[in-house]
Amino acid sequence: MRPIFDPQALPVIETDHRRAPLSAPRMRPDFIRHRLLSPPPWEPELTDESRVYDKSRGLREAAVLVPLVDRPDGLTVLLTERNANLTAHAGQISFPGGSRETYDADRIATALRETREEIGLDRDHIEVLGSLPDYITGTGFHVSPVVGLVRPGFTLQPDAGEVADVFEVPLAFLMDPSRHERRLFRWDGGERQFYAMPYPREDGGHWFIWGATAGMLRNLYHLLAA
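The rules behind each value
Residues numbered from 1 in each chain as written. Predicted model: local features only at pLDDT ≥ 70, side-chain atom pairs only at ≥ 80, totals over all residues. Heavy atoms only, no water. Helix = DSSP H or I, 4+ residues; strand = E, 2+ residues; numbered from the N terminus. Expected span 1.5 Å × (residues − 1). Buried < 20%, exposed > 50% of the residue type's maximum accessible area, 1.4 Å probe, protein only. Pairing = 2+ DSSP bridges. Axes fitted to C-alpha atoms, helices over the stretch in contact; angles between N-to-C directions. Contact = heavy atoms within 4.5 Å.

Let us look at helix 4 (residues 211-225). Between the first and last C-alpha of helix 4 there are 21 Å, a value that for 15 residues agrees with the 21 Å anticipated at 1.5 Å per step. Along helix 4, 14 of the 15 residues are buried, which leaves the element largely enclosed by surrounding structure.

Let us look at the sheet that holds strand 11 (residues 190-200). Taken in spatial order, the 4 strands line up as 1-10-11-12 in an open sheet, and their pairing is antiparallel. Lying at the two open borders of the sheet, with one neighbouring strand each, are strand 1 (12-15) and strand 12 (206-210). The mean inter-strand angle of the sheet, taken between neighbouring strand axes irrespective of direction, is 35°. As paired strands, strand 10 (residues 181-187) and strand 11 are joined by 7 bridges and run antiparallel to one another. Looking across to strand 11, one finds that E181 is bridged to A196. With respect to the sheet, helix 4 is in contact with strand 11 and strand 12, its orientation differing from that of strand 11 by roughly 75°.

Turn length for the strand 10-strand 11 hairpin, with the two strands adjacent in sequence and antiparallel, is 2 residues. Looking at chain direction, strand 11 and strand 12 are connected through 5 bridges and run antiparallel. Looking at the pairing, M197 lines up with I209 of strand 12.

Structural data, given as structure tokens:
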């Protein structure tokens, strides 16, 4: 059985001040489009997610959309807060997405369909730019992250049964490694480290972006910084 813990209560063991924030030109649509089309040599960062997963259970195929919204002041990342009553990843901050269905042609089809079903964002507003490396979560999902450039002017219709809230975070905030916290959880069976990127809310709290979502954003940073 996987251990249960409150990630926000765990200690920060390191914040990455060694790497520089991405420069503004590397966060523009044309650069990201070209970088995903023709990536240079680079290495995805491994996390502890797969180490806490019981591989004897098998993996469930899934895909998410990493939606980069093209705002006048710069790109933002659109994220969802999952409902607290869901059986998987309840209350967590996530990219829109979900499990692959047999009728999905590929992982892009899965990501676009799930995005439309979860938040009502139609594919007509999305330009698929490419994909990040697949990611295995501690809950047993083999996730394919699909990066999409989202044209403004869309209207969202979140599924109230799955989504508690939808919000945007400036890409510049998430591509600043000094915002990338490493936190540590220890239990009798071992320990787990994970990334967290808390983003201030207007009400004085934080959107607590962590785990797989933070890990995929960390890999987006490595790709764009390479």
